Amino acid sequence: MLILFCCAVNGGRMCYCQVDLRHRQVSKSVEDVQKIIKDLTAEVSSKDARFQSIANSGVHNASLKVILHDQPALVSKWSALLRGRCAYNPAIQVLTPTLFLISVPLQGLMGYKERRARQWRYYTLSGSRLLSPVREPEKLHQWLELESFVNPSQEWHDTRMTIEGDIVPAKVVNVFKEQLEASIKTCGLTSKVSVLESVGSVVRVAVETSEAQIEVELVPTLELMNYWPKRARWPRLFRRWPSAERARCIKSFGFNLMATSNYHWLLSFSRAEQVLLSNIDDDGGCRRKCYRVVRQLKEDVWCPGSKPVITAYHLQTLLFWTCEKYPCTRDWRDFRGCVLRLVQKLHKCVSQHYLRHYFVRSHNLLKYSNTNELDDVAKKINNFLDNPGTYVH
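Residues numbered from 1 in each chain as written. Predicted model: local features only at pLDDT ≥ 70, side-chain atom pairs only at ≥ 80, totals over all residues. Heavy atoms only, no water.

Student: I'd like a description of the overall build of the protein chain, backed by residues and values.
Tutor: Looking only at helices and strands, one finds ten helices and twelve strands in the protein chain. Counting over 393 residues, the protein chain shows a buried share of 53%. Partitioning the contacts of the protein chain with sequence separation of at least 6, the portion at a separation of at least 24 is 70%. A total of about 18200 Å² of accessible surface is found on the protein chain, and carbon and sulfur atoms cover 50% of it. (Helix = DSSP H or I, 4+ residues; strand = E, 2+ residues; numbered from the N terminus. Buried < 20%, exposed > 50% of the residue type's maximum accessible area, 1.4 Å probe, protein only. Contact = heavy atoms within 4.5 Å. Areas by Shrake-Rupley, 256 points an atom, 1.4 Å probe, with all protein chains shown as cover.)

Structure below.
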């Protein structure tokens, strides 16, 4: 039986083939951006070896190769899981069709072990002493000390990067930004790449592609393979999705620490998320198809724009929670019903301003989102749910 999905956009209709077209267009933008950023980060790496080309992300990271040289099974597992299923570099996350997040891998920090860090810091980003302590990290953030690594390379004992033994994200980002600006000129990319103004510890650039201008957030990232953080208490007991064997495999790929704020490093589970998505429909279900449809509705109807309050990452998290609640193959046979179920769950999260992080469940991904924007999105989704027959056939 052929199932046709349609949604009203600007008074018209859009069938699923347009969802597929959108996916191909975004993939083309990703290819263009990937080539440019790969060249740029390779040039940055030639100037400062602490930063690597994005071509070296994941198991291709030089630091991880040293750790994994005696674990060929893990490298093989990663390659097998993503072979033919990931059209672009795993360092790239598409938040919206015109907003990408790209992790720039760091090297020279090996042998990580979670340790009890000293509680308070009394310094500014310039290294000045403070009378009162710096704010403690929240649930999805942490401090990072040189002592957390068995043998950090000498280059990391650099006051441009550290204060009192702490590796400070804002300082790392500042050094990276300086090298990036120089590399744009060296690579002759001033007509294609421009550095944008940014607030806080973020490097934002605009990249001209054949499809559109793409805004890219470049984030220096420490990739920690074969180690799982204690605060990520996953998988949960008695859950049937994913399988216990798959969960063990996913945890072996570890996590990342991203330089997204001034003092604290952000925990990221992008490799684990990619593996979860890589063969999510091997049982013949329609999970990924439902996700793409809801994402298209979100981008065109409920939450358009280049800086939406709800991103693809929120929808991906919602999909994981839904898969966990409905683990059986038969739960993902009815395409129309599955789309509506996903939309209902999205409406509940947006209305309550609450979406739990999938791996660190105590963290609310919508905690700092604009509540007025969330309420506006909730109203639009509610209109859809009031009369889904207008949209879904």
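Student: So, the packing of aromatic side chains: which residues are in play, and what are the values?
Tutor: Centre-to-centre distance and the angle between the planes together describe a pair of aromatic rings. Within this structure, the stated rule accounts for 18 aromatic pairs. Taking 5.3 Å as the distance between ring centres and 50 degrees as the angle between the ring planes, the aromatic pair formed by F51 and F176 counts as tilted. With F51 in the loop between α1 (16–47) and α2 (62–68) and F176 in helix α4 (residues 169–186), the pair connects residues that are 125 residues apart, well separated along the chain. With a centroid separation of 5.2 Å and an interplanar angle of 55 degrees, the aromatic rings of W228 and F269 are classed as tilted. Here the residue W228 occupies a position in the loop between β10 (213–224) and α5 (244–252), and F269 occupies one in the loop between β12 (265–268) and α6 (270–278), the gap between them amounting to 41 residues. The pair formed by W228 and F269 is uniform in burial state, with each residue classed as buried. Taken together, the aromatic side chains of Y112, F149, Y227, W228, W234, W241, F255, F269, F320, W321, Y358 and F359 make up a single cluster linked through ring pairs. The residue whose ring lies beneath R341 is W332, and the NZ or CZ to ring-centre distance is 4.5 Å. Lying over the aromatic face of W321, R356 brings its terminal NZ or CZ to 4.1 Å of the ring centre. (Phe/Tyr/Trp six-rings, centres within 6.5 Å; stacked < 30°, edge-to-face > 60°. Lys NZ or Arg CZ within 6 Å of the ring centre and 35° of its normal.)

Student: Any chance you could break down the side chain of D32 for me, citing the residues and the numbers?
Tutor: Relative to the helices and strands, D32 resides in helix α1. A distance of 3.0 Å separates the side chain of D32 from the side chain of K28, its partner in a polar contact. Engagement of the side chain of D32 in a polar contact is seen with the side chain of S210, the distance being 2.8 Å. Not counting residues within four places of it along the chain, the set of residues in contact with D32 comprises T209, S210 and E211. (Polar contact = N/O pair within 3.5 Å; in protein donor to acceptor, adjacent residues only side chain to side chain.)

Student: Residue-level account of the pairing of strand β4 (residues 99–105), with values.
Tutor: Across the seven residues of β4, seven count as buried, placing the element largely inside the fold. Of the two faces of β4, both are covered, the one formed by L99, L101, S103 and P105 as well as the one formed by F100, I102 and V104. In the sheet, strand β3 (residues 92–96) pairs with β4 via four bridges, with the strands oriented antiparallel. Bridge pairing in β4 places Q93 opposite L101. In sequence, β3 turns back onto β4 through a hairpin of two residues. Bridging between β4 and β10 involves seven bridges; their strand directions are parallel. Within β10, the position partnered with S103 by the bridge is V219. (Pairing = 2+ DSSP bridges.)

Student: Residues and numbers for the layout of surface pockets, please.
Tutor: Considered as a void within the structure, the largest pocket measures approximately 1600 Å³ in volume. Looking at the largest pocket, it is lined by 45 residues, and the ones nearest its centre are L95, E217, T260, L266 and L365. Secondary structure elements with two or more residues in the lining of the largest pocket: β3, β4, β10, β12, α6 and α8 (312–325). Tallying contributions element by element places β12 first for the lining of the largest pocket, with three residues. Of the residues belonging to the lining of the largest pocket, the class tally is 20 nonpolar, 18 polar and seven charged. (1 Å grid on protein atoms, 1.4 Å probe; cavity = no way out; pocket = protein on both sides within 12 Å on 5 of 7 lines; lining within 4 Å. Points joined across faces, edges and corners; volume = space filled by probe spheres on them. Nonpolar A, V, L, I, M, F, W, Y, C, P; charged D, E, K, R; others polar.)

Student: Break down empty space enclosed by the protein for me, with residues and values.
Tutor: Scanning all chains against the criterion turns up two cavities of 30 Å³ or more. Estimated volume of the largest cavity: approximately 70 Å³. Lining the largest cavity we find eleven residues, and of these P90, A91, E223, N256 and S270 sit closest to its centre. For the lining of the largest cavity, the element with the highest residue contribution is α6, accounting for three residues. When the residues that make up the lining of the largest cavity are grouped by side-chain class, the tally is three nonpolar, six polar and two charged. In this model, the second largest cavity occupies a volume close to 30 Å³. For the second largest cavity, the full set of lining residues is I310, H314, L318, L346, C349, V350, L355 and L366. When residues of the lining of the second largest cavity are traced back to their parent elements, those giving at least two are α8 and α9 (335–352). With three residues, α9 is the single largest residue contributor to the lining of the second largest cavity. When the residues that make up the lining of the second largest cavity are grouped by side-chain class, the tally is seven nonpolar, one polar and no charged.

Student: Describe in detail helix α10 (residues 371–386), supporting the description with residues and values.
Tutor: Owing to its 3.6 residues per turn, the α-helix brings residues three or four apart onto one side. The end-to-end C-alpha distance of α10, which contains 16 residues, comes to 22 Å, matching closely the 22 Å that a straight helix rising 1.5 Å per residue would cover. Residues of α10 that are buried make contact with α7 (287–302) and α9. The opening residue of α10, the one whose side-chain oxygen lies 2.9 Å from the backbone nitrogen of N372, is N370. (Expected span 1.5 Å × (residues − 1).)

Student: Could you give me a rundown of the pattern of salt bridges, with the residues and numbers involved?
Tutor: Scanning the model with the defined rule gives 20 salt bridges in all. The salt bridge involving E147 is made with R115; its shortest N-O contact spans 3.1 Å. Note that E147 is positioned in the loop between β5 (141–142) and β6 (162–163) and R115 in the loop between β4 and β5, a separation of 32 residues in sequence. Using a relative accessible area of 58% as the deciding quantity, one classes E147 as exposed. (Salt bridge = Lys/Arg side-chain N within 4 Å of Asp/Glu carboxyl O.)

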